[in-house]
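Close look at the chain arrangement
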Amino acid sequence: MAIYFLTPDYAFPSGGVRIIYRHVDILNSHGIQAYVLHRKPGHRASWFDNQTSIAYLDNTVSRRLHLKLQKRLHPDRPRKWFLLGQTNKYLGAEDILVLPEIYGPQEMLDMAPGVPKVILNQGCYLTFQQYPIAQDMLLTPYRHPDVIGVLTNSQEGLDYLKYVFPEIQVGRFHPSIDPVLFGYRADKKRKIAFTTRKNELIMRQVVNILKFRNALSDFELVPFAGIGQQEVAKIFQDSVFYLSFATYEGFGLPPAEAMACGCVVIGFNGGGGKEFFQPEISYPIENSDVIGFAAQVEQSIREFEADPSEIMEKGRLASDFIREHYSPEQEIGDVVNYWRGFVSGESMQ
């Protein structure tokens with residue numbers, strides 16, 4: 001038996017992909033055979049260091065021709081998922097295929113029929129992104145007998161999925177924030193960091209409001225996107241503030257990583273970040289409140305100018321909170337406990 005995590009072949013940094021790689025490493029280090037499964041032969045995530053075990057789907061020309069012929073000769077026979085360079089030539093009923101939530105319902109149902117599946121839902125608000133709105137269209141993998149469980153990454157995701165599908169088994173893991181890479185630093189520079197990949201419409205409004213009100217004092221804006229973990233960590237460790245613009249997140253890794261580095265986070269919790277966007281350690285802003293967002297940044301800058309100690313203490317408390325609640329040990333325990341149930345057969349009953 002092996003567990004195969006189907007993973008997008010992204011050429012850009014993705015927190016969800018990074019977590020998949022980490023879970024595969026955790027499982028293998030605890031004696032549970034697991035692989036990241038990429039469609040593109042030779043692909044490996046390159047924006048962070050890893051030696052993660054990877055398997056590849058056999059999409060060679062000869063394999064595709066073979067499958068087309070089999071489909072013509074035996075149209076009702078399930079299509080096997082063949083693998084490259086594996087002891088197991090294809091996914092079988094003794095394996096488990098882990099599917100991300102990002103695919104449409106029919107696409108997920110067509111993937112390796114007959115192979116037991118777990119849905120790894122890291123973005124609860126993406127669950128229905130490719131579903132039709134026709135009232136009589138009730139096709140979903142979440143209720144298919146192949147799907148033996150669902151794993152999600154936040155309390156928000158857990159509540160969401162249990163509400164929609166109360167009959168399915170849903171587990172939850174706590175994403176960990178690397179305490180070494182994203183280590184706390186008190187020696188800050190006058191910088192305000194934010195990613196340009198989230199909610200560009202509101203991001204541009206807030207930034208320009210601050211500019212035209214001349215409210216930034218001598219703080220430097222540090223926008224970023226598509227860079228490696230080491231660079232992101234350096235930006236967070238240098239910055240006093242991090243602005244969170246994401247409105248729909250399953251968890252929200254960037255603000256949690258920023259907090260770990262001692263940034264004071266201002267902005268939207270994204271839903272999934274409600275559990276760590278506490279007013280004692282951050283400045284939560286109601287979704288779409290552009291003026292409230294800009295006003296809080298302006299006020300926080302004024303407070304820092306008058307006396308930086310209170311802002312810096314808030315950043316320290318935020319770092320302590322993230323280290324306590326999202327440690328590697330917590331994530332390892334969550335992941336191993338969840339998957340041991342399937343390996344032993346207890347969760348498949």
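Structure first, text after, so check above.
Note that this is a predicted model, so its numbers are computed, not measured.

Conventions we followed
Residues numbered from 1 in each chain as written. Predicted model: local features only at pLDDT ≥ 70, side-chain atom pairs only at ≥ 80, totals over all residues. Heavy atoms only, no water. Helix = DSSP H or I, 4+ residues; strand = E, 2+ residues; numbered from the N terminus. Buried < 20%, exposed > 50% of the residue type's maximum accessible area, 1.4 Å probe, protein only. Pairing = 2+ DSSP bridges. Right-handed = clockwise from strand over helix to strand, strands pointing away. Core = buried A, V, L, I, M, F, W, Y, C linked by side-chain atoms within 4.5 Å. Contact = heavy atoms within 4.5 Å. Salt bridge = Lys/Arg side-chain N within 4 Å of Asp/Glu carboxyl O.

Some details on unusual backbone geometry
For A112, which is not glycine, the phi dihedral falls at a positive 45°. Inspection of the secondary structure assignment puts A112 in the loop between α3 (105–109) and β6 (117–121). The backbone of N199 shows a phi angle near 50°, a positive value even though the residue is not glycine. Mapped onto the elements, N199 comes out in the loop between β9 (189–195) and α5 (200–212).

A word on the pairing of strand β2 (residues 34–38)
Counting buried positions along β2 gives five out of five residues, so the element sits mostly inside the fold. Going residue by residue along β2, you find A34, V36 and H38 tucked away on one face and Y35 and L37 tucked away on the opposite face as well. Two elements, strand β1 (residues 3–6) and β2, share four bridges in a ladder whose sense is parallel. Its bridge partner lying in β2, I3 is registered against A34. For the crossover that starts at β1, traverses helix α1 (residues 15–29) and ends in the parallel β2, the hand is right-handed.

Focus: the nonpolar core
Within the largest apolar cluster, 56 residues are counted, with the highest numbers of intra-cluster contacts made by I3, F5, F182, F236, F276, I322 and W339. In terms of residues, this core owes the most to one element, α1, which gives seven residues. Not counting the four nearest positions on each side in its chain, W339 is found in contact with I3, F5, L27, I32, I96, V98, V118 and L151. Grouped together as the second largest cluster of nonpolar side chains are 28 residues, Y35, A55, L99 and V170 included.

Details of the side chain of H23
Mapped onto the elements, H23 comes out in helix α1. Classification of H23 as buried rests on a relative accessible area of 0%. Contact partners of H23, with chain neighbours within four places excluded, come to F5, F173, E331 and V335.

Examining the pattern of salt bridges
Per the stated rule, a full pass over the model turns up 17 salt bridges. With a shortest N-O distance of 2.2 Å, R185 and D238 are connected by a salt bridge. One end of the pair, R185, is in the loop between β8 (170–172) and β9; the other, D238, is in helix α6 (residues 229–238), and 53 residues separate them in sequence. Residue D238 is classed as buried on the basis of its relative accessible area of 4%. Three or more residues are tied together by salt bridges with common partners; here these are R185, K191, K234 and D238.

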